[in-house]
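# A closer look at the structure
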Amino acid sequence: MQIQSVEIQNFKSIKNVAKQLNGNNVFLVAPNGMGKTSFIDACFGAMPEQPLRDGAKSGNVKINIGDYIVEFKFSARSHKPKMNIFDANGNAQTKPATLFKELFGVTDFNIDTFINKPVSKQIDFIKEITGIDWSDVDARFKELYD
């Protein structure tokens, strides 16, 4: 699965961003407080309890992954974001949360929580989401280092 485009309006610290990614790698470089983590959270669909940017009345995040468009809508009135997933023909999927987990795997990634975990837990988490056992790499690194 590759992200084709992302549209973000009034999400956390982001007022309005629309980016065509076309499945490419993205490097986020900016000073602290400029919305890098907010952008990553939006791309992962990591919705906090109240994702609305301060002072805004409503917002949304749309993630186009080619075969599907994942959309989160939120407002000042609703404390929980509403998720919908549409197929390429615009048809709403009946079980969006189940499909989202199938498409994205990890649905509760929070960069701040990840960074505050012990390194061993970070490694376990990376193994889980990538499906790669890094112990061989660690052993080879230790051998070369020694």
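Up top you'll find the structure we're talking about.
Anyway, here's the lowdown on the structure attached to this text.

Scoring rules and cut-offs
Residues numbered from 1 in each chain as written. Predicted model: local features only at pLDDT ≥ 70, side-chain atom pairs only at ≥ 80, totals over all residues. Heavy atoms only, no water. Helix = DSSP H or I, 4+ residues; strand = E, 2+ residues; numbered from the N terminus. Buried < 20%, exposed > 50% of the residue type's maximum accessible area, 1.4 Å probe, protein only. Contact = heavy atoms within 4.5 Å. Areas by Shrake-Rupley, 256 points an atom, 1.4 Å probe, with all protein chains shown as cover. Patch = residues over 30% accessible without salt bridge, like charges linked within 9 Å, V, L, I, M, F, W, Y side chains within 5 Å. Salt bridge = Lys/Arg side-chain N within 4 Å of Asp/Glu carboxyl O. Phe/Tyr/Trp six-rings, centres within 6.5 Å; stacked < 30°, edge-to-face > 60°. Core = buried A, V, L, I, M, F, W, Y, C linked by side-chain atoms within 4.5 Å. Pairing = 2+ DSSP bridges. Axes fitted to C-alpha atoms, helices over the stretch in contact; angles between N-to-C directions.

Attention shifts here to the overall build of the chain. The secondary structure content of the chain amounts to five helices and five strands. N-terminal to C-terminal, the α/β element order of the chain is β-β-α-β-β-β-α-α-α-α. The 146 residues of the chain split such that 29% are buried. Counting contacts in the chain only where the partners sit at least 6 residues apart, residues at least 24 apart contribute 45% of the total. Carbon and sulfur atoms make up 51% of the accessible area of the chain, which amounts to about 10,100 Å² in all.

This part takes up a nonpolar patch on the surface. A cluster of nonpolar side chains, Ile-126, Ile-132, Trp-134 and Val-137, forms an exposed patch at the surface whose accessible area comes to about 290 Å². The residue Ile-132 is located in the loop between helix H4 (119-130) and helix H5 (135-145) in this model.

Okay, the packing of aromatic side chains next. What the rule picks out here adds up to three aromatic pairs. Centroid distance Phe-114 to Phe-125: 5.8 Å. Interplanar angle 55°. Geometry classified as tilted. Within this pair, whereas Phe-114 is found in helix H3 (residues 111-115), its partner Phe-125 is found in helix H4, the two being separated by eleven residues in sequence. Judged by relative accessible area, which is 15%, Phe-114 ranks as buried. Relative accessible area serves as the criterion here: at 12%, Phe-125 is assigned to the buried category.

Moving on: the pattern of salt bridges. Applying the stated criterion across every chain yields a total of three salt bridges. Ionic pairing is found between Asp-41 and Lys-12, a salt bridge with its closest N-O pair at 2.4 Å. Linking Asp-41 in helix H1 (residues 36-44) with Lys-12 in the loop between strand S1 (5-11) and strand S2 (14-20), this pair joins segments that are 29 residues apart in sequence. Since its relative accessible area comes to 3%, Asp-41 is described here as buried. Residue classification places Lys-12 among the partly exposed residues on the basis of a relative accessible area of 28%. The shortest N-O distance in the salt bridge between Lys-142 and Asp-146 comes to 2.8 Å. Using a relative accessible area of 67% as the deciding quantity, one classes Asp-146 as exposed.

Here Cys-43 lies in helix H1. On the basis of relative accessibility, which here comes to 11%, the residue Cys-43 falls in the buried class. Excluding its chain neighbours within four sequence positions, the residues that come into contact with Cys-43 are Ile-3, Val-6, Ile-63 and Phe-104.

Before going further, it helps to examine the nonpolar core. Formed by 21 residues in total, the largest nonpolar core has its most connected members in Ile-8, Val-61, Ile-63, Val-70, Phe-72 and Phe-100. When contributions to this core are tallied by element, the ones reaching two or more residues are S1, H1, strand S3 (58-64), strand S4 (68-75), strand S5 (82-87) and helix H2 (96-104).

Turning our attention to the side chain of Ser-38. The topology assignment puts Ser-38 in helix H1. With relative accessibility at 6%, the residue Ser-38 sits in the buried group. Once you skip the residues sitting within four places of it in the chain, Ser-38 turns out to touch Phe-11, Lys-12, Ser-13 and Ile-14.

An order of S2-S1-S3-S4-S5 is seen for the five strands of this open sheet, with the pairing classed as antiparallel. Of all the strands in the sheet, the pair left with one neighbour each is S2 and S5. With direction set aside, neighbouring strand axes in the sheet form an average angle of 15°. Along the sheet, H1 makes contact with S1, S2 and S3, crossing S1 at roughly 120°. Along the sheet, H2 makes contact with S3, S4 and S5, crossing S5 at roughly 70°.

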